[in-house]
Amino acid sequence: MTKKTTDRAPIDWKDRISIDPKVCHGKPCIKGTRIMVSIILDYLTAGEPQAEILAQYPALKSEDLRAALAYATWLAREEEELPLHTETTR
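Scope of this entry: the structure provided in the associated data block. Remember, predicted model here, so these are calculated numbers, not experimental data. (Residues numbered from 1 in each chain as written. Predicted model: local features only at pLDDT ≥ 70, side-chain atom pairs only at ≥ 80, totals over all residues. Heavy atoms only, no water.)

So, the pattern of salt bridges
Moving on, step 1. Applying the stated rule across the entire model yields two salt bridges.
Moving on, step 2. In this structure, Asp 12 engages Lys 14 in a salt bridge whose closest nitrogen and oxygen atoms are separated by 3.7 Å.
Moving on, step 3. With relative accessibility at 48%, the residue Lys 14 sits in the partly exposed group.
Moving on, step 4. In this structure, Arg 16 and Asp 64 form a salt bridge, with 2.6 Å as the shortest nitrogen-oxygen distance. Residue Arg 16 is located in the segment before strand 1 (17-18), and its partner Asp 64 is located in helix 3 (residues 62-81); the two are separated by 48 residues in the primary sequence.
Moving on, step 5. Arg 16 sits in the partly exposed class, given a relative accessible area of 25%.
Moving on, step 6. Taking relative accessible area as the criterion, Asp 64 reaches 3% and is therefore assigned buried. (Salt bridge = Lys/Arg side-chain N within 4 Å of Asp/Glu carboxyl O. Buried < 20%, exposed > 50% of the residue type's maximum accessible area, 1.4 Å probe, protein only. Helix = DSSP H or I, 4+ residues; strand = E, 2+ residues; numbered from the N terminus.)

Encoded structure:
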């Protein structure tokens, strides 16, 4: 698989996502909001167009959606290093 080239700069999820035990019970949220990353990922997984997500949550920017995906990617890579409780055998 080849990497897709893009004219967008890579995004560092830590610039846009915070994890604070005092906000949303410590769930990862978009900085300055109480919009949890999991909500964004649920919408994207369901096939919701990015424009619709941004319309429903005016505080979000397209970079926030990219940061949520970058965070999910980081978590998947971290799981390779330190497996979580996600056994998925069938």
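Structure's up, so let's keep going.
Points about the packing of aromatic side chains
Moving on, step 1. Taken as a whole and judged by the stated rule, the model has four aromatic pairs.
Moving on, step 2. The rings of Trp 13, Tyr 71 and Trp 74 are connected pair by pair, giving a single aromatic cluster. (Phe/Tyr/Trp six-rings, centres within 6.5 Å; stacked < 30°, edge-to-face > 60°.)

Some details on the environment of Asp 12
Moving on, step 1. Structurally, the position occupied by Asp 12 is in the segment before strand 1.
Moving on, step 2. Relative accessible area serves as the criterion here: at 35%, Asp 12 is assigned to the partly exposed category.
Moving on, step 3. The spacing of Asp 12 and Arg 66 is 54 residues in sequence and 9.2 Å in space, taken between C-alpha atoms.

Comments concerning the environment of Asp 15
Moving on, step 1. Its place among the elements puts Asp 15 in the segment before strand 1.
Moving on, step 2. Through-space distance from the C-alpha of Asp 15 to that of Glu 63 is 10.0 Å; in sequence the pair is 48 residues apart.

Any functional reading would require information beyond the geometric quantities listed.
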